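Secondary and tertiary structure notes
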Number of protein chains: 2
Amino acid sequence: MSDAPIAIFDSGVGGLTVAAAIAKRLPNERLVYLGDTARLPYGTKSADTVTRYAVQATRALMRFEPKMVVIACNTASAVALPVLTAAYAPLPVVGVVEPGARAAVDASRGGAIAVIATEGTVKGGAYVRAIHALKPTATVVQRACPLFVSLAEEGWTEGQVADLTAERYLTDLFAAEDAPDTLVLGCTHFPVLRGPITKAAGGTVRLVDSAATTAKEVDRILETSGTKRTASPAPPKFLATDAPERFARVGSRFFGAEIAPDQVELTDIAP
Amino acid sequence: MSDAPIAIFDSGVGGLTVAAAIAKRLPNERLVYLGDTARLPYGTKSADTVTRYAVQATRALMRFEPKMVVIACNTASAVALPVLTAAYAPLPVVGVVEPGARAAVDASRGGAIAVIATEGTVKGGAYVRAIHALKPTATVVQRACPLFVSLAEEGWTEGQVADLTAERYLTDLFAAEDAPDTLVLGCTHFPVLRGPITKAAGGTVRLVDSAATTAKEVDRILETSGTKRTASPAPPKFLATDAPERFARVGSRFFGAEIAPDQVELTDIAP
């Protein structure tokens, strides 16, 4: 048993979908969530820059003496996980790409899988490698869908603009005869656009995201190491590197529960 | 006469529309342009954070010993101009908000003016103050249009998604009887969306942006101080804090001329 918190970080508010899944599965755990809102988004930035930011975010979370770090951002997971794992061993560092890949392989009947993500995640190719590591015969196509991030942040998660954007990104991917049967939502912003994405991809495609499978992986690690917390639930702690009131407002949509502005602490993590 | 360059900075590539207008009007001047691509966008961030970033960007440009600094970003102009002007006096520091406000007041027949911009610019209210300083009887309405930034970066500057986004943001603003007769494009990303914006605002609305009037203001200051450059034209110098190849690719669209990746130097400006 361990009373230490689980530290979660993301470029902004998208990772709150992952935090919500962890909170749901492990309601007794203490969660500390850091959103690097002063420098978001990570998805359009280079691997070097994202890695530097991820290292700074993780270092800032060390003051809470966590028992585990969860990188709830696909882009940061895709490019910075090896560095963070090496830097903080033996502390477990969990990314969202491997759990997302596992969910996709489990869901796919024919092994044809599409991944939609940010430019940075697509460029790094981490999902393709993770899926092939689990199932070498899988065929994987990727597409960067940067506008989904802005639509999700703006709250335009349904209606014509969202539908047409999804069509423009996805229709041709799913029009072929050997179209993918599974679609990975490889950015934490995308689950809130499930409606338009499903319409554009066609009703038979299975949508998977990393939130639930990441929570399952966190559960497994705590179980294995015997470090689950058994005390009564504690409210999550939120930190943001900029604009706490915006974090609370936009973040509530992703967390699926109201976050009050005074629950969010402004913090500086730049070196 | 002065051979020193004009330093221009922006959060990313949008300010290249301003750089292009300056280059067009003053073809003999040397331009050094810095895009803070590692931390863009500024438009969703707090005034404190944007001011800190703007100060760091300006400090980084001082190594070129410029004769003037142009803040080609509306958000940074709206929140950081007083600080930068004070910090670098007597070096002239020119923002884009005052020139944009002047263009609007000159264009408006009835004095009813709409401003579309980022969240940060709208929140700061700098356009409203600048327009009222020039014309106290003007009525000014503002609207934040964050998705226009992403559409411009993605290159979706025409077509259904751009049209519907513009309609959703603008139609009601221009439906009233006393609708604005002039619309300020208060973000350097917006001029590339002139088509959809015009359609949504209605054909009789005058669109103004800061690029040409800022170039005019730069010209006026150089003229007054006798510091124009008369030597033969020199190619502009570009600096980016992240991903030079993306800067070149996306930036070419805003600069209106091809920028080669090897014309862009990667630079670090964080403290």
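Residues numbered from 1 in each chain as written. Chains lettered and ligands numbered in written order. Predicted model: local features only at pLDDT ≥ 70, side-chain atom pairs only at ≥ 80, totals over all residues.

1. Digging into the domain arrangement of chain A
How big an interface is tends to be expressed through the accessible area that disappears when the partners come together. All names here are of chain A. In terms of domain boundaries, chain A breaks down into domain 1 (6-95 + 212-266) and domain 2 (97-210). Of note, the centres of domain 1 and domain 2, computed from C-alpha atoms alone, are 22 Å apart. With 26 residues of domain 1 at the interface, the matching set in domain 2 holds 24 residues. Looking at the side of domain 1 that touches domain 2, the elements that each hand over two or more residues are helix 1 (16-25), helix 2 (47-61), helix 3 (74-88), helix 10 (210-225) and helix 11 (244-255). With five residues, helix 3 is the largest single contributor of residues to the side of domain 1 that touches domain 2. (Domains from an automatic or database assignment. Contact = placed C-beta atoms within 7 Å. Helix = DSSP H or I, 4+ residues; strand = E, 2+ residues; numbered from the N terminus.)

2. Points about the interface of chain B and chain A
Contact with chain B, which involves 17 residues of that partner, is made by 17 residues of chain A. Breaking the side of chain B that touches chain A down by element, the ones donating at least two residues are helix 7 (146-154) and helix 8 (160-170) of chain B. The biggest single contributor to the side of chain B that touches chain A is helix 8 of chain B, with five residues. Of the residues belonging to the side of chain B that touches chain A, the class tally is seven nonpolar, five polar and five charged. (Nonpolar A, V, L, I, M, F, W, Y, C, P; charged D, E, K, R; others polar.)

3. Considerations on helix 9 (residues 194-201) of chain A
Count 3.6 residues to each turn of an α-helix, and residues three or four apart come out pointing the same way. Residues and elements named next belong to chain A. Those residues of helix 9 lying buried are Pro196, Ile197, Ala200 and Ala201. Buried residues of helix 9, viewed axially, fall in a sector of 125°; they line one side. Next to the buried residues of helix 9 lie helix 8 (160-170), strand 7 (182-185) and strand 8 (206-209). A positive phi of about 100° marks Gly202, the residue just after helix 9. (Buried ≥ 20, exposed ≤ 12 C-beta atoms within 10 Å, placed from the backbone. Arc of directions from axis to C-beta.)

4. A word on the sheet that holds strand 2 (residues 31-35) of chain A
All names here are of chain A. Sheet architecture is open: six strands sit in the order 4-3-1-2-9-10, paired in parallel fashion. Two strands in the sheet have a free side with no partner beyond their single neighbour: strand 4 (93-94) and strand 10 (264-266). As judged from the four bridges shared by strand 2 and strand 9 (residues 237-240), these two strands associate in the parallel manner. Bridge pairing in strand 9 links Tyr33 to Phe238. (Pairing = 2+ DSSP bridges.)

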